[in-house]
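Here is what each chain is made of, one letter per residue.
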Amino acid sequence: MSKELTAQEKKVIEQYSGFPEGKRLSYTKANETEFIITMHYLHKFLKDGAIIADIGAGGGTYTKALAEEGHKVDAVELTPEYVKQMRQEFAGNDRIRVFEGNARDLSFLKDDAYDLVLLMGPIYSLKDFDERKQACKEALRIAKPGAPVFIAFCLQDAPLIHEIFMSEDPAGEITTIGYDHEKALVTDNTGSSRILDTIRVVDELIDDLCIETNAQKVCRFTQDGMSQIISKYVNSMSDESFAEWIQYLIATAERTDLMGYSDHIVQVIKK
């Protein structure tokens, strides 16, 4: 990598090493909603034989799915363990190239080269506002003119509710994190590299980015809606009921009044 890792990026590598990220989007129905809804939106933009950059590819879930649909994918990942796993899994697949790299510096990828760019992980692993903006600018740089860039964020309320308030001892659990009781905000997600944002913070970053780069907002959608908050019920749904739940999530994915209760949201922008 051409840039020295920050303390936060080292924390990311430490946290995710040994974690089965490649299985995270499939081991429960609630987790699977994130993948299903995101693929639904990707299909709105993708044409046959697209060239895609998957920045922060993790275990390669989207890389694999998109390559299987006939697209070419360059997967970039910070965590060496995941890079090794993907290189082993995708060895001999001429539709996939795997790079160990940093979202803040994609200088090994060409300008205006990709029909779609995924940035679904790096931003909620970066604390610094300018570093976040730099990663977004790099994603825009490698995208073709008019190509969509998918930027994912983790929000405050859904993780706070399902990880703290739905635990057996919420009062005890809440002492393990930095928490502003008056504003009901997580100020330090202690022990995790995942940065939790409010919609206001997301807007500040995206608005600044669009002003500085002349990029345009396309849409914003929730990746999992309320699935994690009510995961106990989602996971016990029959296949027929789960299909209805997915339809509900698709129909409400862009509703601003529900946006804050999703674990993850994606802002789509274009050059």
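Everything below is about the structure printed above this text.
Residues numbered from 1 in each chain as written. Predicted model: local features only at pLDDT ≥ 70, side-chain atom pairs only at ≥ 80, totals over all residues. Heavy atoms only, no water.

Draft legend 1. Examining the overall build of the protein chain more closely. In terms of helices and strands, the protein chain carries 10 helices and 10 strands. Here the C-alpha radius of gyration of the protein chain, 18 Å, is about what a compact globule of 271 residues would show, namely 18 Å. Dimensions of the protein chain, computed from the C-alpha atoms along their principal axes, are close to 50 × 45 × 35 Å. Expressed as a percentage of its 271 residues, the buried residues of the protein chain come to 50%. Considering only intrachain contacts with a sequence separation of at least 6, the fraction spanning at least 24 residues in the protein chain is 74%. (Helix = DSSP H or I, 4+ residues; strand = E, 2+ residues; numbered from the N terminus. Rg over C-alpha atoms; globule rule 2.2 N^0.38 Å. Buried < 20%, exposed > 50% of the residue type's maximum accessible area, 1.4 Å probe, protein only. Contact = heavy atoms within 4.5 Å.)

Draft legend 2. Examining unusual backbone geometry more closely. A positive phi is found at Ala184, a non-glycine position, where the angle reads about 55°. When you line up the elements, Ala184 lands in the loop between strand 6 (178-180) and strand 7 (185-188). The backbone of Asn214 shows a phi angle near 65°, a positive value even though the residue is not glycine. Tracing the backbone through its elements, the reader meets Asn214 in the loop between helix 8 (199-213) and strand 9 (216-222).

Draft legend 3. Representation of the packing of helix 2 (residues 29-45) against helix 3 (residues 61-68). Where helix 2 contacts helix 3, the two axes come as close as 12 Å, and the packing angle between them is 45°. Taken together, helix 2 and helix 3 sit at an angle that is classed as oblique. Read as a crossing pair, helix 2 and helix 3 show a hand that is right-handed. Residues Glu34, Phe35, Thr38, Met39 and Leu42 of helix 2 form the contact with helix 3, whose participating residues are Thr61, Tyr62, Ala65 and Leu66. Classifying every residue of the contact of helix 2 with helix 3 gives 6 nonpolar, 2 polar and 1 charged. (Axes fitted to C-alpha atoms, helices over the stretch in contact; angles between N-to-C directions. Parallel < 35°, antiparallel > 145°, perpendicular 65-115°, else oblique. Left-handed = near helix turned anticlockwise from the far one by under 90°. Nonpolar A, V, L, I, M, F, W, Y, C, P; charged D, E, K, R; others polar.)

Draft legend 4. How the structure looks around the environment of Ala103. Within the element layout of this structure, Ala103 appears in the loop between strand 3 (96-100) and strand 4 (116-119). Among the residues examined, Ala103 registers a relative accessible area of 11% and is labelled buried. Separated by 72 residues in sequence, Ala103 and Asn31 place their C-alpha atoms 24 Å apart. The contacts of Ala103, once residues within four sequence positions are left out, are Ile55, Leu119, Pro122, Ala135 and Glu138.

Draft legend 5. The pattern of salt bridges, seen in detail. Evaluated as defined, the whole model comprises 16 salt bridges. Across the salt bridge formed by Asp115 and Lys144, the nearest N and O atoms sit 2.9 Å from each other. On the criterion of sequence distance, the pair formed by Asp115 in the loop between strand 3 and strand 4 and Lys144 in the loop between helix 5 (129-142) and strand 5 (148-155) is long-range, its members being 29 residues apart. Here Arg194 makes a salt bridge to Asp263, at a shortest N to O gap of 3.7 Å. (Salt bridge = Lys/Arg side-chain N within 4 Å of Asp/Glu carboxyl O.)

Draft legend 6. Examining the nonpolar core more closely. Formed by 44 residues in total, the largest nonpolar core has its most connected members in Leu42, Ile52, Leu66, Leu118, Phe150 and Phe221. When residues in this core are grouped by element, the largest group, 5 residues, is from helix 2. (Core = buried A, V, L, I, M, F, W, Y, C linked by side-chain atoms within 4.5 Å.)

Draft legend 7. View of the side chain of Ser192. Its location among the elements puts Ser192 in the loop between strand 7 and strand 8 (196-197). Assessed through its relative accessible area of 18%, Ser192 is described here as buried. Reaching out from Ser192, the side chain makes a polar contact with the backbone nitrogen of Arg194 at a distance of 3.0 Å. Leave out the neighbours within four places in its chain, and Ser192 touches Lys11 and Gln15. (Polar contact = N/O pair within 3.5 Å; in protein donor to acceptor, adjacent residues only side chain to side chain.)

Draft legend 8. Geometry of helix 5. Helix length check: helix 5 (14 residues) gives 21 Å between terminal C-alpha atoms against 20 Å at 1.5 Å per residue, within 8%. Along its buried surface, helix 5 packs onto strand 1 (51-55), strand 4, strand 5, strand 8, helix 8 and strand 10 (264-270). You can read the cap of helix 5 off the contacts: a side-chain oxygen lies 3.0 Å from the backbone nitrogen of Asp130, and it is on Asp128. (Expected span 1.5 Å × (residues − 1).)

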